Amino acid sequence: MTNLFLPLVAKMDPTDYVGFTFFVGCMAMMAASAFFFLSLNQFDKKWRTSVLVSGLITFIAAVHYFYMRDYWASNMESPTFFRYVDWILTVPLMCVEFYLILKVAGAKKSLLTKMIVLSVIMLVTGYLGEAVYTGSAALWGFFSAVAYFAIVYEIWLGGAAKLAKEAGGDVLAAHKILCWFVLVGWIIYPLGYLVGTADGQWYSSFANLGLDMDVLYNIADAINKIGFGLVIYSLAVKKTA
Ligand SMILES: *C/C=C(C)/C=C/C=C(C)/C=C/C1=C(C)CCCC1(C)C
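Procedures and definitions
The residue count restarts for each chain, going from 1 along the sequence in the order it is written. Reporting of local features is limited, given that this is a predicted model, to residues whose pLDDT is at least 70; pairs of side-chain atoms are given and counted only at 80 or more, and all residues count toward the totals for whole chains, interfaces and linings. Heavy atoms throughout the structure, all of them, feed into the side-chain values; hydrogens and water do not. What makes a patch is a set of residues exposed beyond 30% relative accessible area and free of salt bridges, joined within 9 Å when like-charged and within 5 Å when nonpolar (Val, Leu, Ile, Met, Phe, Trp, Tyr). Using the Shrake-Rupley algorithm and a 1.4 Å probe, accessible areas are obtained, with residue cover drawn only from the displayed protein chains. For this document, the term salt bridge refers to a Lys or Arg side-chain nitrogen within 4 Å of an Asp or Glu carboxyl oxygen. Each helix is a run of H or I in the DSSP string that is no shorter than four residues. Each strand is a run of E no shorter than two, and both are numbered from the N terminus. Here a helix's expected span is defined as the number of its residues, less one, multiplied by 1.5 Å. Relative accessible area decides the class of each residue, using a 1.4 Å probe on protein chains only: under 20% of the type maximum gives buried, over 50% gives exposed, and in between gives partly exposed. The reported arc concerns the directions from the helix axis to the C-beta atoms and nothing else. Nearness is judged by heavy atoms alone; a residue qualifies as near a molecule or strand once a single heavy atom is within 4 Å of it. Only Asp, Glu, Lys and Arg are considered charged in this grouping, and only Ala, Val, Leu, Ile, Met, Phe, Trp, Tyr, Cys and Pro are considered nonpolar; every other residue, Gly among them, is considered polar. Only buried Ala, Val, Leu, Ile, Met, Phe, Trp, Tyr and Cys residues count toward a nonpolar core, and they belong to the same one when joined by side-chain atoms within 4.5 Å. It only takes one pair of heavy atoms within 4.5 Å for two residues to be counted as in contact. Axis lines are fitted to C-alpha atoms, over the contacting stretch for helices. Their N-to-C directions set the angle, which ranges from 0 to 180 degrees. Any angle that is under 35 degrees is reported as roughly parallel, and any over 145 degrees as roughly antiparallel; angles of 65 to 115 degrees are reported as roughly perpendicular and all others as oblique. In this scheme the crossing of two helices becomes right-handed for a clockwise turn of the near helix relative to the far one and left-handed for an anticlockwise turn of less than a right angle.

**Quick word on a nonpolar patch on the surface**
A contiguous nonpolar patch, built from Tyr17, Phe20, Phe23, Val24, Met27 and Met30 and spanning about 560 Å² of accessible area, is present on the exposed surface. With respect to the helices, strands and loops of the structure, Tyr17 is situated in helix α2 (residues 17-39).

Given below as structure tokens:
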């Protein structure tokens, strides 16, 4: 054990702020998971699944952050592969959250399928642009963005929005906040992508913004995974009271 982990921690340079955000990411995701899991008993049965999923999202992220922190510390390189494995597991679970809270208004499996398919398209095309066909990062980023806006459309104006209106009350209010997370919180990811893939692209000036792709992704993950979970948590609290 020691020779596996000690060198990496010893390698952690106090001026390595990217590594620092990976480190804090591990702790934040772990703490959030403990918080969600330990709160489960206080909720009515039908809200437990939603809070459980919140905990699974931060727990899956916590495990990936441990790997990503070590990958970064050993190679000083973006852990692109772990990053996208994390997202491909957690983003569909966020779609499940939308579906679960809208079930009270009769949400169908087709809504869930549609959102999961869109999120997988968004992430696979993003991965291809970031890691495989880096020369055409702009094109793959564009495909990814189309899928992203289709998700935004679905939840703000499409079928999911209609169901939220039918549900009304606390569910509608929670749905609205989640919609803002997707519109504002998720937009940090394409910004990170533009910064990280700028080299040799028409948007090469993004490389000079003084921003770091991994820091942007890490901040976005903390906001979106933990924030999203807390919205679900407080909805469950209201519905149980
Ligand atoms: C917990 C992880 C989350 C919520 C990840 C979300 C990721 C995105 C919304 C990524 C979107 C991208 C684009 C819209 C275009 C460029 C490529 C991506 C994959 C960074």
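**Overview of helix α6 (residues 137-156)**
In this model, α6 (20 residues) spans 28 Å end to end at C-alpha, consistent with the 28 Å of a helix rising 1.5 Å per residue. Inspection of α6 places Ala137, Trp140, Gly141, Ser144, Ala147, Tyr148, Ile151, Val152, Glu154 and Ile155 among the buried residues, and these make up the whole buried set. Down the axis, α6 shows its buried residues gathered within 160 degrees of arc, on one side only. Residues of α6 that are exposed and point over 90 degrees away from its buried face: Phe142 and Tyr153.

**Looking at the site of the ligand**
Taken together, 17 residues sit near the ligand, with Trp87, Val91, Ser144, Tyr189 and Lys225 positioned nearest. When the ligand sits alone it has 530 Å² of accessible area, and the protein chains cover 99% of it. Looking at the shell around the ligand, the elements with two or more residues in it are α4 (80-102), α5 (109-132), α6, α9 (188-196) and α10 (213-240). Per-element accounting of the shell around the ligand gives the leading share, five residues, to α4. Of the residues in the shell around the ligand, the class split is eleven nonpolar, four polar and two charged.

**Things to note about the nonpolar core**
Leu102, Met122, Val182 and Trp186 are the most contacted members of the largest nonpolar core, which has 72 residues in total. If near-sequence neighbours (up to four positions away) are discounted, Trp186 is found in contact with Val91, Met94, Met122, Tyr148, Ile151, Phe181 and Asn224.

**Quick word on the packing of α2 against helix α3 (residues 45-75)**
Relative orientation of the contacting elements α2 and α3 amounts to 155 degrees, with a least axis distance of 8 Å. Viewed along their axes, α2 and α3 adopt a mutual orientation that is roughly antiparallel. Here α2 and α3 pass one another in a crossing that is left-handed. In terms of residue class, the contact of α2 with α3 is built from 19 nonpolar, seven polar and one charged.

**Describing the packing of α4 against α10**
One can describe the packing of α4 onto α10 by two numbers: an axis separation of 12 Å at closest approach and a directional angle of 25 degrees. Taken together, the axes of α4 and α10 lie roughly parallel to each other. Handedness of the α4/α10 crossing: left-handed. Here Arg83, Tyr84, Asp86, Trp87, Thr90, Met94, Glu97, Phe98 and Ile101 of α4 lie close against α10, whose contacting residues are Asp214, Tyr217, Asn218, Asp221, Asn224, Lys225, Phe228, Ile232 and Leu235. Tallied by class, residues from the contact of α4 with α10 come to nine nonpolar, three polar and six charged.

**Looking at the pattern of salt bridges**
For the coordinates displayed, the defined rule picks out five salt bridges. A salt bridge links Arg83 to Asp214; the nearest nitrogen and oxygen atoms lie 2.8 Å apart. A residue pair is termed long-range when its members are at least 10 positions apart, and Arg83 in helix α4 and Asp214 in helix α10 qualify at 131 residues. Owing to a relative accessible area of 1%, Asp214 belongs among the buried residues under this scheme. With a shortest N-O distance of 3.2 Å, Lys225 and Asp221 are connected by a salt bridge. Separated by four residues within a single helix, Lys225 and Asp221 lie in helix α10, roughly one turn from each other. The exposure class of Lys225 is buried, given its relative accessible area of 3%.

None of the figures reported here should be taken as evidence of function without further support.
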